[in-house]
Amino acid sequence: MSKLVLVLRIVLGAILVIFGVNKFIGFIPVLEFVNPDASVFFEVLANSYLLKTVGLVEIIAGFLLLINIYVPFALVVLAPISINIILFHITLDPSNIGPAAFVFLVNAFLIYTNWNAYKTLF
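First, a word on scope: everything that follows refers to the structure included in this document. Please read these numbers as outputs of a predicted model, since none were measured by experiment.

A tally of regular secondary structure across the chain gives 5 helices and 0 strands. Whereas a compact globule of 122 residues would reach a radius of gyration of roughly 14 Å, the chain reaches 15 Å, a difference of no more than 12%. Over its C-alpha atoms, taken along the principal directions, the chain stretches across nearly 45 × 25 × 25 Å. Counting only contacts in the chain whose residues sit at least 6 apart along the sequence, the fraction spanning at least 24 positions is 71%. Per element, the accessible surface of the chain, about 7,600 Å² overall, is 74% carbon and sulfur. Of the side-chain charges in the chain, 5 are positive and 5 negative, and the distance between the mean point of each set is 24 Å.

So, about the nonpolar core. Counting 18 residues, the largest nonpolar core has Leu-12, Leu-16, Leu-65, Leu-75 and Leu-110 as the members making the most contacts within it. For this core, the element with the highest residue contribution is helix H4 (residues 71–91), accounting for 6 residues. Apart from residues no more than four positions distant in its own chain, Leu-65 is found in contact with Arg-9, Leu-12, Gly-13, Leu-16, Val-71, Ala-74 and Leu-75.

We now examine a nonpolar patch on the surface. Among the surface-exposed residues, Leu-6, Ile-10, Phe-63, Leu-66, Ile-67, Ile-69, Tyr-70 and Phe-73 lie close enough to one another that they form a single nonpolar patch of about 770 Å² accessible area. When residues of the nonpolar patch are traced back to their parent elements, those giving at least two are helix H1 (2–25) and helix H3 (50–67). The leading source of residues in the nonpolar patch is H3, at 3 residues. For Ile-69, a relative accessible area of 38% gives the class partly exposed.

Of note in this structure, Asn-68 is not a glycine but carries a positive phi near 60°. By the element assignment, Asn-68 lies in the loop between H3 and H4. If you check the backbone angles, Tyr-70 has positive phi at about 55° while not being a glycine. Tracing the chain through its elements places Tyr-70 in the loop between H3 and H4.

Here is what the cut-offs are and how they apply
Residues numbered from 1 in each chain as written. Predicted model: local features only at pLDDT ≥ 70, side-chain atom pairs only at ≥ 80, totals over all residues. Heavy atoms only, no water. Helix = DSSP H or I, 4+ residues; strand = E, 2+ residues; numbered from the N terminus. Rg over C-alpha atoms; globule rule 2.2 N^0.38 Å. Contact = heavy atoms within 4.5 Å. Areas by Shrake-Rupley, 256 points an atom, 1.4 Å probe, with all protein chains shown as cover. Lys, Arg positive; Asp, Glu negative; His and termini not counted. Charge placed at Lys NZ, Arg CZ, Asp CG, Glu CD. Core = buried A, V, L, I, M, F, W, Y, C linked by side-chain atoms within 4.5 Å. Buried < 20%, exposed > 50% of the residue type's maximum accessible area, 1.4 Å probe, protein only. Patch = residues over 30% accessible without salt bridge, like charges linked within 9 Å, V, L, I, M, F, W, Y side chains within 5 Å. Salt bridge = Lys/Arg side-chain N within 4 Å of Asp/Glu carboxyl O.

Put into structure tokens, the structure is as follows:
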């Protein structure tokens, strides 16, 4: 189980860093959305401060996961982002939900495996 947690933490951290940096540099082509509402919404996000802020948070959380420091904190910070990613794809772009579901499920699983760190919050 610990090897699975290690692999998932590293993969999630790498995904976050890559997609976070992409929000600043733009080396990954933008997805073509089937739903025109998804395109409009994403364009509004891209033209505001919000997408860059999310990218910065993804980079920081991803590095924390990669270097194995403050992992419970990084997972909690990532939780609202992964929830919004999955909700965006559920409501506006269900055809591209695979990567969003992966990020959401891995984040939830890693929170579960680190649950002892959160007991004082509840």
